[in-house]
Amino acid sequence: MSAAPGRRGANAFFVTFGVGLAVLAAALNIGWVVLTWSEVVPLLLGVTLFAAIITGLILNTMFLVREVRRNEQHDAFVNAVTHELKTPLTSIRLHLETLLARSEQLDEAKRREFYDVMLEDSARLQHTIDQVLRTGQIARAPLHKARLDLRALVAQSVALIRTRLHLPVEVMRLSPAAPGEEAVDVLADEVELASAVMNLLDNAVKYSGDHVDVDVTVTREGARARVAVADRGAGLSPSEVKRVFRRFYRVPGPSTRGVKGTGLGLYIVQTAARRLGGRAYVTSAGPGRGSTFYLEMPVARPSGV
Ligand code: ADP
């Protein structure tokens, strides 16, 4: 999420300017107090006015800093989405053009390989479009809540991710249910919940580099149901564990370099969790030491929907 050097210079200038003005106003205020020490009315009037000016300047500078940050995040998001839309589309076009131009020279195996690449690229396109649409609608979309078996939904998502990302079963494991916990029923919108779980699984693989080793568990603790996705990948520093759920946020640095993404996945997870009356959070032992993402929600009452 880094700004261009020119713009960073301009930002630093205006922030310094704002802070400078606030300091100048404070100095003038002190001068005014010294000059009018013996006259109560101008003294009180001056101090009040200066206090108002200083407060205004500080608020204004804070607002500017926030807006600048937000703009930078929007820029990074637009770049990421553009990239995520253009790359698979270009790849599909290239493969189609090759198929059209050299179809006789390509044997059946090569053609199959091309079709597979194009299918993967269209799945990636679909994923990006879904993420963007979901973020736009997420707060407004009506929920179609129904009683669901959370364990079955997670098992389906794990199977889907394994197929989609060509993962051997042993690198993403779903722990067997504890006795008496075979079914964990929740009241949820199936599409929304599945999308949240898929985002967590997808990230666990994306941020594990070449060594994917993921454990997925579904447990019930009293009135709460919990999905935990533990990986041994990039991990997070303590300051990042809250930030990663913000919209458009991507951790700067080596963990995201070369990893495709828009910064929307965890925002979608958190919003879904809140709409279910639950929460999403993460724990990590630190960068490079893996992380565990949790999605928690109330279990459905036995009486029904
Ligand atoms: P995206 O993956 O599209 O960048 P997300 O909202 O899903 O967006 O994640 C936000 C950021 O949180 C990611 O860019 C990454 O820096 C960090 N992150 C997410 N999942 C993990 C994970 N399992 N391990 C380490 N970092 C993660």
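Up top is the structure these notes are about.
Residues numbered from 1 in each chain as written. Predicted model: local features only at pLDDT ≥ 70, side-chain atom pairs only at ≥ 80, totals over all residues. Heavy atoms only, no water.

## Some points on the overall build of the chain
What the chain contains, in helices and strands, is 7 helices and 7 strands. Along its sequence from the N terminus, the chain presents helices and strands in the succession α-α-α-β-α-β-β-α-β-β-α-α-β-β. By the compact-globule yardstick of 19 Å for 305 residues, the chain is too spread out, its C-alpha radius of gyration being 26 Å. With respect to the principal axes defined by its C-alpha atoms, the chain has extents near 95 × 60 × 40 Å. Within the chain, buried positions represent 39% of all 305 residues. Contacts spanning at least 24 positions in sequence make up 71% of the contacts within the chain whose residues lie at least 6 apart. Looking at charge distribution, the chain has the averaged site of its 37 positive side-chain charges lying 6 Å from that of its 30 negative ones. (Helix = DSSP H or I, 4+ residues; strand = E, 2+ residues; numbered from the N terminus. Rg over C-alpha atoms; globule rule 2.2 N^0.38 Å. Buried < 20%, exposed > 50% of the residue type's maximum accessible area, 1.4 Å probe, protein only. Contact = heavy atoms within 4.5 Å. Lys, Arg positive; Asp, Glu negative; His and termini not counted. Charge placed at Lys NZ, Arg CZ, Asp CG, Glu CD.)

## Observations regarding the sheet that holds strand S5 (residues 224-231)
Hydrogen bonding along the main chain pairs the strands of a sheet, whether they run parallel or antiparallel. Pairing is mixed in the open sheet, where 5 strands are placed in the order S2-S4-S5-S7-S6. The open sheet terminates on both sides in strands that have one partner only, identified here as strand S2 (172-174) and strand S6 (279-284). Neighbour-to-neighbour, the strand axes of the sheet open up by a mean angle of 20 degrees, direction not taken into account. Of the strand pairs in this sheet, strand S4 (residues 214-221) and S5 are connected by 7 bridges, and their pairing is antiparallel. The residue bridging Arg 220 from the neighbouring strand is Ala 225, located in S5. Where helix H4 (residues 150-164) meets the sheet, its contacts fall on S2, S4, S5 and strand S7 (291-298), and the angle it forms with S2 comes to roughly 165 degrees. Across the sheet, helix H7 (residues 265-275) is in contact with S6 and S7; its angle to S6 comes to roughly 130 degrees. (Pairing = 2+ DSSP bridges. Axes fitted to C-alpha atoms, helices over the stretch in contact; angles between N-to-C directions.)

## A closer look at the packing of aromatic side chains
Counted according to the given criterion, the structure contains 4 aromatic pairs. Relative to Phe 17, the ring of Phe 13 lies with its centre 5.9 Å away and its plane at 10 degrees, an arrangement referred to as stacked. Here Phe 13 pairs with Phe 17, and both are found in helix H1 (residues 5-35), just 4 residues apart, close to one helical turn. Here Arg 247 stacks its cationic end above the ring of Tyr 267, 5.5 Å away from the centre of that ring. (Phe/Tyr/Trp six-rings, centres within 6.5 Å; stacked < 30°, edge-to-face > 60°. Lys NZ or Arg CZ within 6 Å of the ring centre and 35° of its normal.)

## Quick word on the side chain of Arg 151
Within the element layout of this structure, Arg 151 appears in helix H4. Given the relative accessible area of 12%, Arg 151 is considered buried. Not counting the four nearest positions on each side in its chain, Arg 151 is found in contact with Leu 174, Ser 175, Pro 176, Ala 177, Glu 181, Glu 182, Val 184 and Val 218.

## Some words on the packing of helix H3 (residues 108-137) against helix H5 (residues 190-206)
Packing of H3 against H5 leaves a shortest axis separation of 13 Å and a crossing angle of 125 degrees. As summarised for this structure, H3 and H5 are arranged oblique, according to the angle between their axes. When you trace H3 past H5, the crossing you get is left-handed. Counting all contacts with H3, which are made through His 127, Gln 131 and Arg 134, the residues of H5 involved are Val 191, Glu 192, Ser 195, Asn 199 and Asp 202. Residues belonging to the contact of H3 with H5 are distributed by class as follows: 1 nonpolar, 4 polar and 3 charged. (Parallel < 35°, antiparallel > 145°, perpendicular 65-115°, else oblique. Left-handed = near helix turned anticlockwise from the far one by under 90°. Nonpolar A, V, L, I, M, F, W, Y, C, P; charged D, E, K, R; others polar.)

## Looking at the pattern of salt bridges
Within this structure, the stated rule accounts for 16 salt bridges. A salt bridge links Glu 97 to Arg 93; its shortest N-O distance comes to 3.4 Å. Of this pair, Glu 97 and Arg 93 are both found in helix H2 (residues 40-102), 4 residues apart, which corresponds to roughly one turn of the helix. Of the residues examined, Arg 93 reaches a relative accessible area of 57% and is grouped as exposed. Note that Arg 279 is salt-bridged to Glu 296, the shortest N-O span being 3.3 Å. One end of the pair, Arg 279, is in strand S6; the other, Glu 296, is in strand S7, with 17 residues separating them in the sequence. The partly exposed category is assigned to Arg 279, whose relative accessible area is 42%. (Salt bridge = Lys/Arg side-chain N within 4 Å of Asp/Glu carboxyl O.)

Functional significance is not addressed by these values, which are geometric in nature.
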